[in-house]
Amino acid sequence: MKNSHIFLFVLFCVSTNLFSQEYKVAGRVLDQDKNPIVFANVLILKTTDSTIVNGTSTDDKGAFLFNSVYEGKYLLKASYIENFSELKPISISSDFDAGTLTILESQELDEVVVTYEKPRLERKVDRLVFNVENTALSDGNIWELLQQTPTVNVVQGVLTIKGSNNIGVLINGKKVNIPESDIINLLSGSSASNVEAIEVITNPPLKYSAEGGMLIDIKMKKNLVAGYNGAVFNNFTQGVFAKNTIGTDHFFKEKKTSFSVNYSFSNDKRISRYTDITSFSENTIPTSIWTANQDLTTRRKRHNLSAFFDYDINQKNSLSVSTINVFNPNVNQFSFSETLIDDMLANLLSSFNTINASDQEQINTSFYADWLHKLKKKGAEISFGSHFTYYDSKKGQDLNTDFFDDNRNQMGDNDFTTQSDQKINLYNIETDYITPLGESTRLEAGIRYAGINSESTISQEGFDRNQPGINPTEDGVFTYDESIYAGYASFNGKWDLWGLKTGLRAEFTETKGELDTESGPKENSYLEFFPSASVQYAPSKKHQFGLSYFRRIERPRYNRINPFQQFISNNSVTEGNPDLLPGTRNWLSAEYTFDRDYSITFFYLKWRNLNQQLAFQDNENNLLRYVFSNLELREGYGLDATINKDISKAWDFYLFLSAYNSKDRFTDLDTGQIITNGLWSGFIRLNNSFTFLQDRSLVADLNFAYFAPRIFGNAKRDSYNFLNLRFRKTIWNKNASISLGIEDIFNQGNKFTSRQFLNQNNSSLYRPENRLLTFGFRSKFGNVRIKGNKKSKRVEERRRI
């Protein structure tokens, strides 16, 4: 794309990041003969329960150095090949020389009693932090963990936060650039035992793209001590059909290098059932009722491979390289649908059966490289990052239809094939600068360039062009290029009672879409500004107030702008829309939290040009069209309330209540009339976690969710609910765990959606495999246990710290 615009960003605003003064801790580790010990492990532990705060290893002179230790009291310990130093109490208020830690050989020490803790919630100025390390939740996979995360809802593969499904997923701050449908595939094959915390970012930092809405950042553990550990795991699910995932994790760390790799393979088969009922009309008078029953069976084989490599070049420079890959070598879908056409007195007029068989192959691979350089000024740093994603999808489809009269005699057939391919390249480069402005404030700024190239091709043959309303592209190539230039500045501050984060981001976008069967490309360019602000006020330990505002953008997904018409059945098609506009969203919220366990939030949402797939019935041609469109406006306001409480030492309780009024305004495809669709809605989520046995090795999770009727563009979805139960038991001295559960015990998760306005009268019932039996097993090996001379256990008083 020709870059015809040059612009300068001179942005200065104000923003927040809660941080404290950091100090260095140095020392040496010697043996009983006063000789230096190389590669000894050195740990900083909390004085309250010996939880690990930080870890490092010694150099060839036996010296160690911690660069970033917060003020406070700690315990210092060194170990080498099962031998240990005495615990050394230290108090940090400035850079500290710990002196010598001596490791004696053949020392008899007690073993740390490692017990599961309960997850802990932290409310920061722009996010909710759900700490899950060493909790029972770490026995499952990351997708299961997200289902337990406060404010996050996962229903049939869809992530939502505060009613919005426009969610970005990060791993250690890096955006996962894969289709939404593949997020569950990646995370369900990744063990939750590698997760330190889930951060639900309700007001994303300005360093991230303004694309999308709220973010979920999955913070993976860093191996604090040198050595190797790994695990193998298996997750089995039985619905109508069986689904299975096996995998392995590996971690390695030495003095300057750490490396982790995760691989999993999934082989599953699932069925979904659909019932679509459409009342077609002529001049607003109903003439016929079309009832379509479809069974869709999907078989999928999937490989997930992720790897993270970190190298500390020296005290000033560090390098990180990572890759995230999803490969689906075989996705096979087979559906059979029967459509009955009745008159208004329920007399059969005719019918047709459709078999739709498709095979698809997908590859999605992403690479990231980041370099961090610490400047001379304490706390100042500059970083450079780059990213590349390649996505390739090839799909072949055969659609065969047989037509019958009212006596079930075959009248004819209509068979055709479709071959569609899509290739996407995403790449970006960025640099970020951070510098303290004082003891409690700092400035952040950065620039970024992102490029997108997409090419979609389609080839269709054998269809009946005489069928009214059917006009598929026989052969076509659609290319789409996008360039985004961005810059931001923000100011972060943390004082005794106040936290502040505010700033401004600007993005200039150029797009070019071209279909080879049309004359000339469609080009567009626009400059948008995205202010953001969060304020937190905590007058005491029990009371906390927050106010937040941000503006975001949602650009059309690449598969939504393809202008091709593709068939689901003989009278239903999906259509892309190259004229889709980017949507912009404004979000304002005010929050109050009492004693960390109770919170209430008021919010207001205004979303223009929201991208959504809408279903319209073509009454003239008896056709259902699923078209990607822009909503004129989505506007809503409401209230969220949460309770996160330890009822007892054995019972964790989490309740989330949401009530909101939502209105969607859209344009009717047939008449061009603007219509408003709205109602009061809400949902309830209740999570209970119970711990049993003296060693706390048995955990039960009982989770319930209820979703009230809700508006989706031109459709209304009825209420539905589900109840899940899962047990987890650690075995083999806590080096392995097994789990057993049932999802949607009463099979209430089916979704019924209806559209009734003007001359539109149709409904859809979606019945996937809701009720599922799940079984999981995980076994750890290698350096999985830390030994020391102080026992550790959970203390209830820690919640008061």
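All values reported here derive from a predicted model rather than from experimental measurement.

Rules behind the numbers
Residues numbered from 1 in each chain as written. Predicted model: local features only at pLDDT ≥ 70, side-chain atom pairs only at ≥ 80, totals over all residues. Heavy atoms only, no water. Helix = DSSP H or I, 4+ residues; strand = E, 2+ residues; numbered from the N terminus. Buried < 20%, exposed > 50% of the residue type's maximum accessible area, 1.4 Å probe, protein only. Contact = heavy atoms within 4.5 Å. Areas by Shrake-Rupley, 256 points an atom, 1.4 Å probe, with all protein chains shown as cover. Patch = residues over 30% accessible without salt bridge, like charges linked within 9 Å, V, L, I, M, F, W, Y side chains within 5 Å. Salt bridge = Lys/Arg side-chain N within 4 Å of Asp/Glu carboxyl O. Pairing = 2+ DSSP bridges. Axes fitted to C-alpha atoms, helices over the stretch in contact; angles between N-to-C directions. Phe/Tyr/Trp six-rings, centres within 6.5 Å; stacked < 30°, edge-to-face > 60°. Lys NZ or Arg CZ within 6 Å of the ring centre and 35° of its normal. Lys, Arg positive; Asp, Glu negative; His and termini not counted. Charge placed at Lys NZ, Arg CZ, Asp CG, Glu CD. Core = buried A, V, L, I, M, F, W, Y, C linked by side-chain atoms within 4.5 Å. pLDDT = per-residue confidence, 0-100.

Concerning the overall build of the chain
Piece 1. When its secondary structure is counted, the chain shows two helices and 46 strands.
Piece 2. Looking at the chain as a whole, 52% of its 801 residues are labelled buried.
Piece 3. Contacts spanning at least 24 positions in sequence make up 66% of the contacts within the chain whose residues lie at least 6 apart.
Piece 4. Roughly 36,100 Å² of accessible area belongs to the chain as shown, and the carbon and sulfur atoms make up 54% of that amount.

As for a nonpolar patch on the surface
Piece 1. A surface patch of nonpolar side chains, about 520 Å² in accessible area, is lined by Leu547, Leu588, Tyr604, Tyr637 and Trp680.
Piece 2. Mapped onto the secondary structure, Tyr604 falls in strand β33 (residues 598–608).
Piece 3. On the basis of relative accessible area, Tyr604 is assigned to the partly exposed category, the value being 31%.

Regarding the side chain of Ser739
Piece 1. Here Ser739 lies in strand β43 (residues 736–743).
Piece 2. Owing to a relative accessible area of 12%, Ser739 belongs among the buried residues under this scheme.
Piece 3. In contact with Ser739, not counting residues within four places along its chain, are Arg726, Phe727, Arg728, Thr774, Phe775 and Gly776.

Observations concerning the sheet that holds strand β1 (residues 22–31)
Piece 1. Strand order in this open sheet of three strands is β4-β1-β8, and the pairing throughout is mixed. Among the strands making up the open sheet, the edge pair consists of β4 (63–70) and β8 (96–103). Strand after strand, the sheet turns through a mean of 25 degrees between neighbouring axes, direction not considered.
Piece 2. As judged from the six bridges shared by β1 and β4, these two strands associate in the antiparallel manner. Note that in β4 the partner of Arg28 across the bridge is Ala63.

Description of the packing of aromatic side chains
Piece 1. Here the structure, examined in full by the defined rule, presents 23 aromatic pairs.
Piece 2. Ring geometry for Phe594 and Tyr598: centres 6.2 Å apart, planes at 35 degrees, overall tilted.
Piece 3. Assessed through its relative accessible area of 31%, Phe594 is described here as partly exposed.
Piece 4. Over the ring of Phe241 we find Lys269, and its NZ or CZ is 4.1 Å from the ring centre.
Piece 5. Across from the ring centre of Phe404, 5.1 Å away, lies the NZ or CZ of Arg408, which sits over that ring.

Thoughts on the pattern of salt bridges
Piece 1. For the structure shown, the criterion picks out 24 salt bridges.
Piece 2. For the salt bridge of Asp126 with Lys501, the shortest nitrogen-to-oxygen distance reads 2.6 Å. Taken as a pair, Asp126 in the loop between β9 (120–123) and β10 (127–131) and Lys501 in strand β27 (residues 498–515) lie far apart in primary sequence, 375 residues in all. For the pair formed by Asp126 and Lys501, the shared burial category is buried.
Piece 3. With a closest N to O distance of 3.1 Å, Arg778 and Asp249 form a salt bridge.

Looking at a positive patch on the surface
Piece 1. Taken together, the side chains of Lys24, Lys316, Lys374, Lys376 and Lys378 define a basic patch exposed on the protein surface.
Piece 2. As for its placement among the helices and strands, Lys376 is situated in the loop between β22 (348–374) and β23 (381–404).
Piece 3. Residue Lys376 is classed as exposed on the basis of its relative accessible area, which comes to 84%.

Structural notes on the nonpolar core
Piece 1. Among the nonpolar cores identified, the biggest contains 48 residues, and Leu159, Val195, Ile198, Ile216 and Ile218 are the most heavily contacted of them.
Piece 2. Beyond its immediate chain neighbours, meaning those up to four positions away, Val195 contacts Val132, Glu133, Ile142, Leu145, Ile218, Lys219, Met220 and Lys221.
Piece 3. Counting 18 residues, the second largest nonpolar core, distinct from the first, contains Val42, Tyr74, Ile92 and Leu101.

A word on unusual backbone geometry
Piece 1. Unusually for a residue other than glycine, Asn283 sits at a positive phi of about 55 degrees.
Piece 2. With respect to the element layout, Asn283 can be found in the loop between β19 (257–282) and β20 (285–312).
Piece 3. Given a relative accessible area of 66%, Asn283 falls into the exposed group.
Piece 4. Located in the positive-phi region is Arg408, a residue other than glycine, with phi close to 70 degrees.
Piece 5. Inspection of the secondary structure assignment puts Arg408 in the loop between β23 and β24 (410–436).

A few points about the confidence of the model for the chain
Piece 1. Of all residues in the chain, 87% attain a pLDDT of 70 or more, and the chain-wide mean is 84.
Piece 2. Confidence over residues 1–20 falls short of pLDDT 50; this stretch has 75 contacts with residues more than four positions distant or in other chains.
Piece 3. Overall, residues 106–116 carries pLDDT values under 50, and its contacts beyond four positions in sequence, including any with other chains, amount to 35 contacts.

Quick notes on the sheet that holds strand β31 (residues 572–575)
Piece 1. Taken in spatial order, the four strands line up as β30-β31-β35-β34 in an open sheet, and their pairing is mixed. The strands lining the two open edges of the sheet, one partner per strand, are β30 (565–569) and β34 (611–618). Within this sheet the neighbouring strands show an average axis-to-axis angle of 25 degrees, counted without direction.
Piece 2. Across four bridges, the pairing between β31 and strand β35 (residues 623–630) is parallel. Along β35, the bridge assignment pairs Thr574 with Tyr626.

Quick word on the environment of Asp295
Piece 1. Secondary-structure assignment places Asp295 in strand β20.
Piece 2. The exposure class assigned to Asp295 is partly exposed, which follows from its relative accessible area of 35%.
Piece 3. On a C-alpha basis, the gap between Asp295 and Ile271 in space is 6.9 Å, while along the polypeptide they are 24 residues apart.
Piece 4. What Asp295 contacts, discounting residues up to four positions off in sequence, is Ile271, Ser272, Arg273, Phe334, Ser335 and Phe336.

A few points about a negative patch on the surface
Piece 1. Together, Asp359, Asp398, Asp402, Asp413 and Asp415 make up a negatively charged patch on the protein surface.
Piece 2. Going through the elements one at a time, β23 and β24 are the ones with two or more residues in the negative patch.

Focus on the environment of Asn409
Piece 1. By secondary structure assignment, the location of Asn409 is in the loop between β23 and β24.
Piece 2. Exposure remark for Asn409: the relative accessible area of 42% places this residue in the partly exposed category.
Piece 3. Taking the C-alpha atoms as reference points, Asn409 and Ser350, 59 residues apart in sequence, are found 9.3 Å from one another.
Piece 4. Non-local contacts of Asn409, meaning those with residues more than four positions away in its chain, are made with Phe403 and Phe404.

Some thoughts on the pairing of strand β29 (residues 543–554)
Piece 1. Summarising the sheet, strand β28 (residues 522–537) and β29 pair through six bridges and their orientation is antiparallel. What sits directly across from Ala533, in β29, is Tyr549.
Piece 2. With antiparallel pairing between neighbouring strands as the criterion, β28 and β29 make up a hairpin whose turn holds five residues.
Piece 3. As paired elements, β29 and strand β32 (residues 583–594) share twelve bridges and run antiparallel to each other. Its bridge partner lying in β32, His543 is registered against Phe594.

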